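As a plain string of letters, each chain reads:
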Amino acid sequence: MKAPRFSYVRPESLERVLELLAEHGDEARILAGGQSLMPTLNMRLSEPRLLIDINRIDALKGISLEDGTVRVGALARHAELLDSPLVAEHLPLIAAAMPHVAHVAVRNRGTFGGSIALADPAAELPACAVALDAAFVLASLRGRRTVPARSFFHGLYETELAEDELLVEARIPALAAGYRSSFLEFARRHGDFALAGICCHARIDGAVLSDVRLACFGSEDRPRFAGAASAAAEGRAWSGEVKEAVKAALGGDLDPIGNFHASAATRLHLARVLAGRALDRMAAAG
Amino acid sequence: MQEFIDIALTVNGEPVSRRVEARQHLVDFLRNELGLTGSHLGCEHGVCGACTVRVDGAVVRGCLMLAVQADGADVWTVEGLSDSGGIADLQEAFIARNALQCGYCTPGMLLTAAEMLEAGRRMTRTEIRAFLSGNFCRCTGYHAIVDAIGTVMERRFGG
Ligand SMILES: Cc1cc2nc3c(=O)[nH]c(=O)nc-3n(C[C@H](O)[C@H](O)[C@H](O)COP(=O)(O)OP(=O)(O)OC[C@H]3O[C@@H](n4cnc5c(N)ncnc54)[C@H](O)[C@@H]3O)c2cc1C
Ligand code: FES
Ligand code: FES
């Protein structure tokens, strides 16, 4: 189908974007990569009056390392994250996740900020942000604030972003000494949204795990920090027994939503298997 | 803030300027305004890849990009790539391997394959399939398409 009528504006400055958002509120939509917004327009699931195209705002671009923190601009495209040596070295979790995000042509346009702002429950990047304890910088004419990833995602496509706010960038702690990451997902077809997926990040000393952070996606209405499963591995040497404890604890963390793609029981089973394998790989990697 | 916007871009190497409706996507612009009907529309919501075109050197979904966003861009379609001769070997391999039947997906397949070839190296069949995962073919299946692309990689980058 064809998109409904709307007006279009391509501001040249961040300030102007924020003014337009303040002025038009819910009548306006930010257009980033368009890889999720355009389908909803073409299917007429959404009929905004105004699209604010942010693609030419330089302040939102780029990926850089500053004092042990990686700054990922909202407009960093999926393809840039995939190809970035900086991401490969300092954010190996995200580097491992990127090949699973959509397909080449979608990655060439889709943006990091768009994925976070959209908050699709099956998307990879929101869960990576949760596992890595990222923080998001949100801006409006009212000012700037920084929100931790763990409290940013409120529910199905619901986030902490207010109507007049723009996601400017993420600040993600770079891989620290002794830490490792592991990422796994299960999808029907390469590049599709996952039926279940897991992000693991932890310190590993010999075989002993600490600061364990497991985040699941594709199970519930939002990416879920698996607190009980993470605690089950905390301070313990990785073993078959610990693996079983993690898998069991995951049942307390997750209350998966079943649909025609997979039942709740299947999703929980997949999350458990993936968590066990991801931690196996992490422990074996050294 | 407008519903109609003047744009200027190059399409297949030729400068073009037009006034477009904000809501018009790039493939409708190419097909309806410029008569370049090689880029197809299947799903019109990002799933099938029939609309694949090259914008500023990278393949994109033509149905998910507005024509107005291509203002100032360098756009290439299957017509331009064919005329340039740059994918003649790929097209020959598609024919030789029966990598098309109805041909609806073919322009998108060729554009995506052209980007794959730009990596300048041979890929495994698994890599080729992953790269093609965003392009649907509803009649030929993918085996022959992967064969055709593999053949060209072998010829261009050695066995
Ligand atoms: C066929 C297909 C397969 C896909 N598969 C996957 C997949 O496997 N995994 C996955 O994660 N994604 C997948 N996607 C989605 C893709 O990753 C999108 O790029 C992403 O979800 C949205 O990013 P975008 O830049 O395209 O955002 P847009 O579509 O431009 O915007 C999405 C939403 O976020 C808002 N928004 C965008 N940027 C900002 C900002 N900076 N501040 C505030 N609000 C903002 C917009 O207003 C809109 O509501 C797929 C898409 C397609 C078409
Ligand atoms: S028509 Fe664009 S992806 Fe199907
Ligand atoms: S040849 Fe018919 S869809 Fe591919």
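See the structure above.
Residues numbered from 1 in each chain as written. Chains lettered and ligands numbered in written order. Predicted model: local features only at pLDDT ≥ 70, side-chain atom pairs only at ≥ 80, totals over all residues. Heavy atoms only, no water.

Caption draft 1: Region of the structure containing the overall build of chain B. Counting secondary structure elements, chain B contains 6 helices and 5 strands. Counting helices and strands in the order they occur from the N terminus, chain B gives β-β-α-β-β-β-α-α-α-α-α. The globule rule puts the C-alpha radius of gyration for 159 residues at 15 Å, and the 16 Å found for chain B is close to it. Overall, chain B is about 55 × 30 × 25 Å in size when its C-alpha atoms are taken along their principal axes. Counting across all 159 residues of chain B, residues that qualify as buried make up 55%. Per element, the accessible surface of chain B, about 6600 Å² overall, is 49% carbon and sulfur. (Helix = DSSP H or I, 4+ residues; strand = E, 2+ residues; numbered from the N terminus. Rg over C-alpha atoms; globule rule 2.2 N^0.38 Å. Buried < 20%, exposed > 50% of the residue type's maximum accessible area, 1.4 Å probe, protein only. Areas by Shrake-Rupley, 256 points an atom, 1.4 Å probe, with all protein chains shown as cover.)

Caption draft 2: Spotlight on the sheet that holds strand β4 (residues 63-66) of chain A. Residue and element names in this part refer to chain A. Taken in spatial order, the 5 strands of this open sheet run β4-β5-β10-β6-β7, and their pairing is antiparallel. Strands with a single pairing partner mark the edges of an open sheet, and in this sheet they are β4 and β7 (143-148). Between one strand axis and the next, the sheet turns through 25 degrees on average, direction left out of account. Relative to strand β10 (residues 166-173), strand β5 (residues 69-73) is paired through 5 bridges, and the arrangement is antiparallel. Looking at β10, one finds that arginine 71 is bridged to arginine 171. The sheet strands contacting helix α1 (residues 14-24) are β6 (135-140), β7 and β10, and the helix crosses β10 at an angle near 125 degrees. (Pairing = 2+ DSSP bridges. Axes fitted to C-alpha atoms, helices over the stretch in contact; angles between N-to-C directions. Contact = heavy atoms within 4.5 Å.)

Caption draft 3: Structural detail: the interface of chain A and chain B. Taken residue by residue, the interface counts 36 residues in chain A and 29 residues in chain B. Note on chain A versus chain B: buried area summed over both sides is about 2700 Å², and carbon and sulfur give 55% of it. There are 4 salt bridges connecting chain A and chain B. In this structure, Glu44(B) engages Lys2(A) in a salt bridge whose closest nitrogen and oxygen atoms are separated by 2.6 Å. Connecting chain A to chain B are 17 residue pairs in polar contact (both at pLDDT 80 or more). Every element with two or more residues in the side of chain A that touches chain B is listed here: β1 (7-9), α1, α2 (37-42), β3 (50-53) and α6 (104-107) of chain A. Residue composition of the side of chain A that touches chain B, by class: 17 nonpolar, 10 polar and 9 charged. (Buried area = accessible area lost by both parts, 1.4 Å probe. Salt bridge = Lys/Arg side-chain N within 4 Å of Asp/Glu carboxyl O. Polar contact = N/O pair within 3.5 Å; in protein donor to acceptor, adjacent residues only side chain to side chain. Nonpolar A, V, L, I, M, F, W, Y, C, P; charged D, E, K, R; others polar.)

Caption draft 4: Here's a closer look at the site of ligand 1. Residues and elements named next belong to chain A. Around ligand 1, a shell composed of 32 residues is seen, among which Ile30, Gly34, Leu37, Thr111 and Glu124 lie nearest. One nitrogen or oxygen atom from the main chain of alanine 32 is found 2.8 Å from an oxygen atom belonging to ligand 1. At 2.8 Å, a backbone N or O of glycine 33 approaches an oxygen atom of ligand 1. Protein burial of ligand 1: of its 960 Å² of free accessible surface, 92% is covered by the chains. Of all elements in the fold, only β2 (28-31), α7 (112-118) and β10 reach the threshold of two or more residues within the shell around ligand 1. The dominant element in the shell around ligand 1, judged by the number of residues it contributes, is α7, at 4 residues. Class assignment of the residues belonging to the shell around ligand 1 gives a composition of 17 nonpolar, 13 polar and 2 charged. (Near = heavy atom within 4 Å.)

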